[in-house]
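Analysis of the macromolecular model
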Amino acid sequence: MNTRTIALNTGAQMPEVGLGTWRADEEGLLARTVKTAIALGYRHIDCAKFYGNQTEIGRALKEVDVPRKDLFITSKLWQNKHRPELVPGALDEILDELQLEYLDLLLIHFPYALRPEITNKDFTADDLENVPIMDTWRAMEALVDSGKVRAIGVSNFNKTIIGKMLSQCRIVPAVNQIEIHPYNPSSELVSLCQENGIAVTGYCPLGGMKVSVMDDDVINKIAGVHACTPAQVALSWTLSRGIAVIPKSTNELRLKQNLHKVDLTSEELDMISNIKTRKRKVDPVNDLPELVWVVHDDIAKCPLI
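I will try to describe carefully the structure that is included in this document. Quantities reported herein were computed from a predicted structural model and do not represent experimental measurements.

**Things to note about the sheet that holds strand β6 (residues 105-108)**
An order of β3-β4-β5-β6-β9-β10-β11-β12 is seen for the eight strands of this open sheet, with the pairing classed as parallel. In this open sheet, the two edge strands, each paired with only one partner strand, are β3 (19-20) and β12 (244-245). In the sheet, β6 pairs with strand β9 (residues 152-155) via three bridges, with the strands oriented parallel. By the bridge assignment for β9, L106 is matched with I152.

**Quick word on the pairing of strand β10 (residues 175-179)**
Among the five residues in β10, five count as buried, and that is most of the element. Judged from the two bridges that link them, β9 and β10 form a sheet pairing that is parallel. Bridge pairing links V154 to N176 in β10. Taken together, β9, helix α5 (residues 159-166) and β10 form a β-α-β motif whose crossover is right-handed. As paired strands, β10 and strand β11 (residues 199-203) are joined by five bridges and run parallel to one another. If you follow N176 over to β11, its bridge partner there is V200. Between β10 and its parallel partner β11, the chain crosses via helix α6 (residues 187-195), and the hand of that crossover is right-handed.

**Re the packing of helix α7 (residues 217-226) against helix α10 (residues 266-273)**
Where α7 meets α10, the closest approach of the two axes is 9 Å, and the angle between their N-to-C directions is 160°. In this view, α7 runs roughly antiparallel relative to α10, as classed from their interaxial angle. Handedness of the crossing formed by α7 with α10: left-handed. On α10, the residues touching V218, I222, V225 and H226 of α7 are E268, M271 and I272. Of the residues belonging to the contact of α7 with α10, the class tally is five nonpolar, one polar and one charged.

What counts as what
- Residues numbered from 1 in each chain as written.
- Predicted model: local features only at pLDDT ≥ 70, side-chain atom pairs only at ≥ 80, totals over all residues.
- Heavy atoms only, no water.
- Pairing = 2+ DSSP bridges.
- Helix = DSSP H or I, 4+ residues; strand = E, 2+ residues; numbered from the N terminus.
- Buried < 20%, exposed > 50% of the residue type's maximum accessible area, 1.4 Å probe, protein only.
- Right-handed = clockwise from strand over helix to strand, strands pointing away.
- Axes fitted to C-alpha atoms, helices over the stretch in contact; angles between N-to-C directions.
- Parallel < 35°, antiparallel > 145°, perpendicular 65-115°, else oblique.
- Left-handed = near helix turned anticlockwise from the far one by under 90°.
- Contact = heavy atoms within 4.5 Å.
- Nonpolar A, V, L, I, M, F, W, Y, C, P; charged D, E, K, R; others polar.

Below, the structure is given as structure tokens:
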């Protein structure tokens with residue numbers, strides 16, 4: 001059982017390995033996975049309204065024999081709820097689905113907003129809405145005051161947005177959840193966050209689909225030395241940077257393996273850091289060219305902060 005945690009700027013401790021639940025929506029499978037993961041020692045469950053499976057997760061959480069105070073539950077505000085007046089109701093919906101009285105962490109899922117009536121996952125440029133990020137953030141800050149959320153944070157926020165938020169927010173984000181793996185190390189963004197007391201959680205820590213780092217020669221070579229899986233090597237590299245990870249698996253053996261951090265040497269860590277391949281799985285520009293600024297703030301300006 002991995003009991004290591006990452007300290008948040010709220011004083012709370014976030015387990016460094018969590019269970020990702022994106023695309024784990026086969027009927028009944030996710031509930032079994034959540035219960036199996038908790039039995040294996042997972043205490044950090046990462047959720048989101050967008051995933052469409054929080055009701056099943058909530059049922060599973062009700063059936064586990066672990067006190068609520070020992071669990072760390074994260075969820076995320078979807079883009080059609082960015083208007084400040086919609087944020088409190090959005091949280092209530094999440095809590096109802098998860099059958100919880102409070103969240104340990106609520107994140108703004110992406111920095112762009114959609115019109116409230118847009119509920120499907122496919123949208124066009126006409127569906128985007130101009131809601132300043134700080135307007136949404138101030139509504140998030142009020143949720144902390146209400147006691148329904150213990151910590152608030154962001155997801156998929158780039159260096160420019162984080163930098164401008166820091167001078168305006170009353171509550172500094174506790175976490176920035178971003179895509180992190182050996183092919184997308186995001187070193188400058190990670191440093192900016194950590195230097196300002198913002199913990200980082202890495203999603204897609206193994207890449208995925210056409211960005212699978214588990215096929216990398218360097219990672220496989222190191223896995224052979226340690227008699228472990230390539231996934232364990234990739235996860236351990238990220239953990240060594242003080243970054244939490246939320247790998248997703250529905251396989252009990254892999255769930256168990258993902259909890260085990262491999263002690264990589266400094267030379268091995270450098271070998272992984274020096275991998276030249278640069279790819280990412282999630283990039284909103286693939287959905288809409290107008291969203292190029294979300295990830296590529298080096299070439300495009302964020303329209304609203």
